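# Descriptive structure summary
Residue-level listing of the chains:
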Amino acid sequence: MSLPLSVAPDVADALAVGRPVVALESTIISHGLPRPDNLAAARRFESLLSDQGVVPATIAVLDGELKAGLTPDELERIANEDVPKLSVRDLPVAHARGGSGATTVAATSFIADHAGIRVFATGGLGGVHRGASQSFDESADLKTLSEVPITVVSAGVKSILDIGATLERLESLGVTVVGYGTDEFPSFWLSSSGHQLDWSVPDATAVASVMDSRDQLEMCTALVVANPLPESEQLDPALHDRALEEALRLADEKGLVGKEVTPFLLQTIVDLTGGQSLAVNLRIAENNIRVAGEIATAWSKL
Ligand code: PSU
Ligand code: MN
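The present account deals with the structure reproduced in this document. Everything quoted here is computed from the prediction, not taken from an experiment.

## What about the overall build of the chain?
Each helix and strand in the chain was counted, giving 13 helices and 11 strands. Taking 19 Å as the expected radius of gyration for a compact globule of 302 residues, we find that the chain reaches 18 Å, a close match to that expectation. Here the C-alpha coordinates of the chain stretch approximately 55 × 40 × 35 Å along the principal axes. The buried share of the chain, taken over its 302 residues, is 53%. In the chain, once contacts between residues fewer than 6 apart in sequence are set aside, the share between residues at least 24 apart is 74%. Accessible area of the chain: about 13,400 Å², with a carbon and sulfur share of 51%. Averaging the locations of the 22 positively and 41 negatively charged side chains of the chain gives two centres separated by 4 Å.

In structure tokens form, the structure reads like this:
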């Protein structure tokens, strides 16, 4: 291993003998969920995997060390300290300064790949923002997914983003996208988005076989597995549409721009849905972790 990377002993042991491992991101813990629920959620995410016989590897940067797999104390630090959000371009600065931070989908994918981890579960991916044709605001998640051969399970991208443009960019970047038991891309809180996908896979074994083909073809692009919540568990669509419209209107009225927009929209949607969007957010992460565990297990059998 050539990178300055610290792989937790249980993760390293599992990787060495081909037992299933799933990477988890830490920005969802530090920035995506409120305290104190975030620590309980982070612990639950890990135990959902352990219960499946899969080794969890939560990824973060602590005191300059790029870590794959955290101790309980380290997980607590990510949940309770005010750490910055780190994408790939931030890693050299954090490493050089001995700093700490939570990793986005991009930085988590980068570190997981270097640690030899092939499957990663998150809530939603970053994507193309509304108005990106003016602002150029597109998440670095997309670029990194075009460079890292990881399989990432998500419930698509949030409807506060431009979902159609995000799918177009994933196509341009050569990122493989499959629907998990669906031919429609989900929109995070909702199980559908109206955007059709070219490919659907029925189960974890089918995903593992696409991963194997990608390796045989020596491709080093990500495989995005779009995993919708069952419709019975999604946010009520009428409530979703009302809250989204109102949140976008308020952000516009306040003249918010740049990186203030997303946190404002997300918090406003939590408020306007009386916390329901947050409960759905947790169910999404858990649903993705369960599927990622199944994929890692199927992969370990190949
Ligand atoms: N989407 C969510 N919750 C999140 C994020 C995205 O539903 O917490 C986080 C992820 O870590 C993702 C990052 O990688 O936001 C993207 O941020 P940006 O748009 O600044 O690249
Ligand atoms: Mn951005």
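## Examining helix α9 (residues 163–172)
Among the residues making up α9, those that are buried are Ile163, Thr166, Leu167 and Leu170. Angularly, the buried residues of α9 cover 100 degrees about the axis, an arc narrow enough to put them on a single face. In α9, the exposed residues that point more than 90 degrees away from the buried face are Glu171 and Ser172. In this fold, the buried residues of α9 make contact with α8 (140–145) and β9 (176–180). The N-terminus of α9 is capped by Asp162, whose side-chain oxygen sits 3.4 Å from the backbone nitrogen of Gly164. The first or second residue beyond α9 is Gly174, which carries a positive phi of 75 degrees.

## What about the packing of helix α3 (residues 37–51) against helix α13 (residues 276–301)?
The N-to-C vectors of α3 and α13 enclose an angle of 25 degrees; their axes lie 9 Å apart at closest approach. Taken together, the axes of α3 and α13 lie roughly parallel to each other. For the crossing formed where α3 meets α13, the hand is right-handed. Of the residues in α13, those in contact with Ala41, Arg44, Phe45, Leu48 and Leu49 of α3 are Leu282, Ala285, Glu286, Ile289 and Gly293.

## Things to note about the packing of helix α10 (residues 204–216) against α13
Two elements in contact, α10 and α13, have axes separated by 8 Å at closest approach and are oriented at 55 degrees. One finds that α10 runs oblique with respect to α13. Considering the relative orientation of α10 and α13, their crossing is right-handed. Residue-level contacts link Ala204, Thr205, Val207, Ala208, Met211, Asp212 and Asp215 of α10 to Glu294, Ile295, Ala298 and Trp299 of α13. Residue classes in the contact of α10 with α13 are distributed as 7 nonpolar, 1 polar and 3 charged.

## Focus: the site of ligand 1
Around ligand 1, a shell composed of 15 residues is seen, among which Glu25, Val105, Ser139, Asp141 and Lys158 lie nearest. Here Ser139 contributes a side-chain N or O atom positioned 2.6 Å from an oxygen atom of ligand 1. Between ligand 1 and Lys158, the relevant distance is 2.4 Å, taken from an oxygen atom to a side-chain nitrogen or oxygen of the residue. Of all the elements in the fold, those that place two or more residues in the shell around ligand 1 are α2 (27–32) and α8. In terms of residues, the shell around ligand 1 owes the most to one element, α2, which gives 3 residues. Tallied by class, residues from the shell around ligand 1 come to 4 nonpolar, 7 polar and 4 charged.

## Here's the deal with the pairing of strand β2 (residues 21–24)
Alternating residues of β2 divide into Val21 and Ala23 and Val22 and Leu24, and every residue in both groups is buried. With 4 bridges joining them, β2 and strand β3 (residues 55–62) adopt parallel strand pairing. Of the residues in β3, the one forming a bridge with Leu24 is Thr58. Sheet analysis places β2 next to strand β7 (residues 119–121), joined by 2 bridges and oriented parallel. Among the inter-strand pairings, Ala23 is bridged to a residue of β7, identified as Phe120.

## Focus on the pattern of salt bridges
By the definition in use, this model includes 14 salt bridges. Measuring nitrogen to oxygen at the nearest pair gives 2.9 Å for the salt bridge that ties Asp82 to Arg35. Of this pair, Asp82 sits in the loop between α4 (72–80) and β5 (85–86) while Arg35 sits in the loop between α2 and α3; the two residues are 47 residues apart in sequence, bridging distant segments of the chain. Each of Asp63, Arg77 and Glu81 takes part in a single network of salt bridges with overlapping partners.

Reading guide: rules and limits
Residues numbered from 1 in each chain as written. Chains lettered and ligands numbered in written order. Predicted model: local features only at pLDDT ≥ 70, side-chain atom pairs only at ≥ 80, totals over all residues. Heavy atoms only, no water. Helix = DSSP H or I, 4+ residues; strand = E, 2+ residues; numbered from the N terminus. Rg over C-alpha atoms; globule rule 2.2 N^0.38 Å. Buried < 20%, exposed > 50% of the residue type's maximum accessible area, 1.4 Å probe, protein only. Contact = heavy atoms within 4.5 Å. Areas by Shrake-Rupley, 256 points an atom, 1.4 Å probe, with all protein chains shown as cover. Lys, Arg positive; Asp, Glu negative; His and termini not counted. Charge placed at Lys NZ, Arg CZ, Asp CG, Glu CD. Arc of directions from axis to C-beta. Polar contact = N/O pair within 3.5 Å; in protein donor to acceptor, adjacent residues only side chain to side chain. Axes fitted to C-alpha atoms, helices over the stretch in contact; angles between N-to-C directions. Parallel < 35°, antiparallel > 145°, perpendicular 65-115°, else oblique. Left-handed = near helix turned anticlockwise from the far one by under 90°. Nonpolar A, V, L, I, M, F, W, Y, C, P; charged D, E, K, R; others polar. Near = heavy atom within 4 Å. Pairing = 2+ DSSP bridges. Salt bridge = Lys/Arg side-chain N within 4 Å of Asp/Glu carboxyl O.

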